[in-house]
Amino acid sequence: VDLDLSHQMMTDQELICLSSVLHEDCGRVAVTLNLSYNDIGFRGANALGLALSEHTQLQSLNLSVNHLADGAQDLGPFLSVRHLDLAANKISVLERLPLMPNLDSLMLDCNPIPRLSPAITNQLQSLRKLSMCGTLMNNLYMTCRVLQDLPRLEHLYFQRSAQEVCFLPADLPRSSTFAAAHWAALRPP
């Protein structure tokens with residue numbers, strides 16, 4: 001079941017109320033939950049995470065274009081979520097994430113994140129796809145050093161603007177983090 005509540009101008013308080021309903025009813029059957037383009041802050045998202053933490057059906061959660069800011073680090077646990085979209089939330093610090101042991105795909109596009117903390121790799125061990133287009137990461141070399149500790153990462157999307165594509169540094173070791181084809185495709189000619 002897909003539940004699309006995007007573009008509803010939903011606030012934290014409204015999501016907190018909705019979370020209790022989702023916990024009792026929809027949380028057991030909702031597979032995709034789209035809450036993009038609302039007015040949700042970290043308090044509402046945290047209540048949602050706590051309400052849905054025990055449910056194993058939710059696979060995809062879209063919280064893009066809201067107002068999570070740096071409170072994204074304090075989201076409630078999403079134990080079954082495989083795809084999480086946090087794009088365009090004004091997240092500038094990302095030292096940790098909520099417990100998401102099955103997270104396969106993470107979208108962080110259009111957030112002013114200047115760097116990734118090495119500690120975050122412990123929480124993203126199952127991650128295969130990471131998109132960081134439009135972030136403020138200006139040291140791709142250090143970012144890749146952090147990301148090489150993700151054993152399943154296969155796809156990294158990193159572009160600062162439509163006119164500028166950043167390439168992976170040629171001297172980084174070719175670990176199991178990235179398939180050789182991805183390294184070759186991302187290196188400059």
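This write-up is about the structure you can find in this document. (Residues numbered from 1 in each chain as written. Predicted model: local features only at pLDDT ≥ 70, side-chain atom pairs only at ≥ 80, totals over all residues. Heavy atoms only, no water.)

Leu-35, Leu-61, Leu-86, Leu-106, Leu-130 and Met-132 are the most contacted members of the largest nonpolar core, which has 43 residues in total. Those elements giving two or more residues to this core turn out to be helix 1 (12-24), helix 2 (42-52) and helix 3 (140-147). Beyond its immediate chain neighbours, meaning those up to four positions away, Leu-106 contacts Leu-84, Leu-86, Leu-97, Leu-124, Leu-127, Lys-129, Leu-130 and Ser-131. (Core = buried A, V, L, I, M, F, W, Y, C linked by side-chain atoms within 4.5 Å. Buried < 20%, exposed > 50% of the residue type's maximum accessible area, 1.4 Å probe, protein only. Helix = DSSP H or I, 4+ residues; strand = E, 2+ residues; numbered from the N terminus. Contact = heavy atoms within 4.5 Å.)

As a further point, take the pattern of salt bridges. Scanning the model with the defined rule gives three salt bridges in all. Note that Asp-12 is salt-bridged to Arg-43, the shortest N-O span being 3.7 Å. Of this pair, Asp-12 sits in helix 1 while Arg-43 sits in helix 2, and the two are 31 residues apart along the sequence. A relative accessible area of 12% places Asp-12 in the buried class. Residue class for Arg-43 comes out exposed when judged on its relative accessible area of 53%. In this structure, Arg-128 and Asp-104 form a salt bridge, with 2.7 Å as the shortest nitrogen-oxygen distance. Here the residue Arg-128 occupies a position in the loop between strand 5 (105-107) and strand 6 (129-131), and Asp-104 occupies one in the loop between strand 4 (83-85) and strand 5, the gap between them amounting to 24 residues. Assessed through its relative accessible area of 28%, Arg-128 is described here as partly exposed. A residue is classified by how much of its surface remains accessible, and Asp-104, at 12% relative accessible area, is buried. Each of Asp-104, Arg-128 and Glu-154 takes part in salt bridges that share partners, so that together they form one network. (Salt bridge = Lys/Arg side-chain N within 4 Å of Asp/Glu carboxyl O.)

Coordinates in, geometry out; function isn't part of it.
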